[in-house]
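An overview of the molecular structure
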Amino acid sequence: AQTVTQSQPEMSVQEAETVTLSCTYDTSENNYYLFWYKQPPSRQMILVIRQEAYKQQNATENRFSVNFQKAAKSFSLKISDSQLGDTAMYFCAFGPGNAGNMLTFGGGTRLMVKP
Amino acid sequence: DAGVTQSPTHLIKTRGQQVTLRCSPKSGHDTVSWYQQALGQGPQFIFQYYEEEERQRGNFPDRFSGHQFPNYSSELNVNALLLGDSALYLCASSLGLARSRSYEQYFGPGTRLTVT
């Protein structure tokens, strides 16, 4: 069974600054997918970024980028130029290669962006 | 393009009762997954439906059952409700493996179930 750990329950960052959220996971699989989801107070879970384990290049989506360290089983999310709308819960999630839709989530990090 | 919709938004039930939650997937999606999110925790996978069959199941008792209809919509049923079943129930839709390997899931707003 896979496990996903987010060691930072809460974080805060000043508007326009950069923040990094940590995530580690444990798996014996070689082929898998990793995701970061954002859940604002509205509750709707939104996909932020996705990384395929077989790709060495780190994924980027506008202000969001990841640092994927496969050997260390680490998958951190960097948010650049933080905006007030980035305030939300952020969840790291693991999807096995043969059933990527079946996600295992971490416990989440609550991010507060301060003006 | 309608996204994933869920009904009802909120629900209050008594211990021992049964509940049915409903989900309509994003247009074009054929796979529906259900997750349970307890307060302050990350979502936990309950099960997934594709082609009207349960394809994957998480570590949940048989009190949790589901169904997928020919139009790809889905229901989650929970029998003999316990206080611990109080949670936000999330539905997520995606394309099945036969059509996509992006594994990109779209989540609905959830149904908040309170068991008293």
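The following refers to the structure shown.

Turning our eyes to something else, we now look at the overall build of chain B. Check the secondary structure of chain B and you find 0 helices and 11 strands. Each helix and strand of chain B, placed in order from N terminus to C terminus, yields the pattern β-β-β-β-β-β-β-β-β-β-β. Its C-alpha atoms give chain B principal-axis dimensions of roughly 40 × 25 × 25 Å. Expressed as a percentage of its 116 residues, the buried residues of chain B come to 47%. Within the structure as shown, chain B displays about 5400 Å² of accessible surface, and the carbon and sulfur contribution to it stands at 47%. Of the side-chain charges in chain B, 10 are positive and 10 negative, and the distance between the mean point of each set is 7 Å.

Residue and element names in this part refer to chain B. Within the open sheet, the 4 strands sit side by side as 1-3-8-7. Their pairing is antiparallel. Across the chains shown, the open sheet's two edge strands, defined by having one partner strand only, are strand 1 (5-7) and strand 7 (64-68). Ignoring which end each strand starts from, the neighbouring axes of this sheet average 20° apart. Here strand 3 (residues 19-24) runs beside strand 8 (residues 74-78); their pairing, made up of 5 bridges, is antiparallel. Bridge assignment links Thr20 to a residue of strand 8, and that residue is Asn77.

With that settled, consider the state of the cysteines. As used here, a disulfide is simply a covalent bond connecting the sulfur atoms of two cysteines. Residues and elements named next belong to chain A. If you walk through the whole model with that rule in mind, you get 2 disulfides over all chains. The disulfide bridge from Cys23 ends at Cys92, spanning 2.0 Å between sulfur atoms. An S-S torsion of about -70° defines the bridge between Cys23 and Cys92 as left-handed. Here Cys23, found in the loop between strand 3 (19-21) and strand 4 (24-26), pairs with Cys92, found in strand 10 (residues 88-96); they are 69 residues apart in sequence, far enough to count as distant. For the pair shown, Cys23 and Cys92 are each scored as buried.

Rules used in this analysis
Residues numbered from 1 in each chain as written. Chains lettered and ligands numbered in written order. Predicted model: local features only at pLDDT ≥ 70, side-chain atom pairs only at ≥ 80, totals over all residues. Heavy atoms only, no water. Helix = DSSP H or I, 4+ residues; strand = E, 2+ residues; numbered from the N terminus. Buried < 20%, exposed > 50% of the residue type's maximum accessible area, 1.4 Å probe, protein only. Areas by Shrake-Rupley, 256 points an atom, 1.4 Å probe, with all protein chains shown as cover. Lys, Arg positive; Asp, Glu negative; His and termini not counted. Charge placed at Lys NZ, Arg CZ, Asp CG, Glu CD. Pairing = 2+ DSSP bridges. Axes fitted to C-alpha atoms, helices over the stretch in contact; angles between N-to-C directions. Disulfide = S-S within 2.5 Å.

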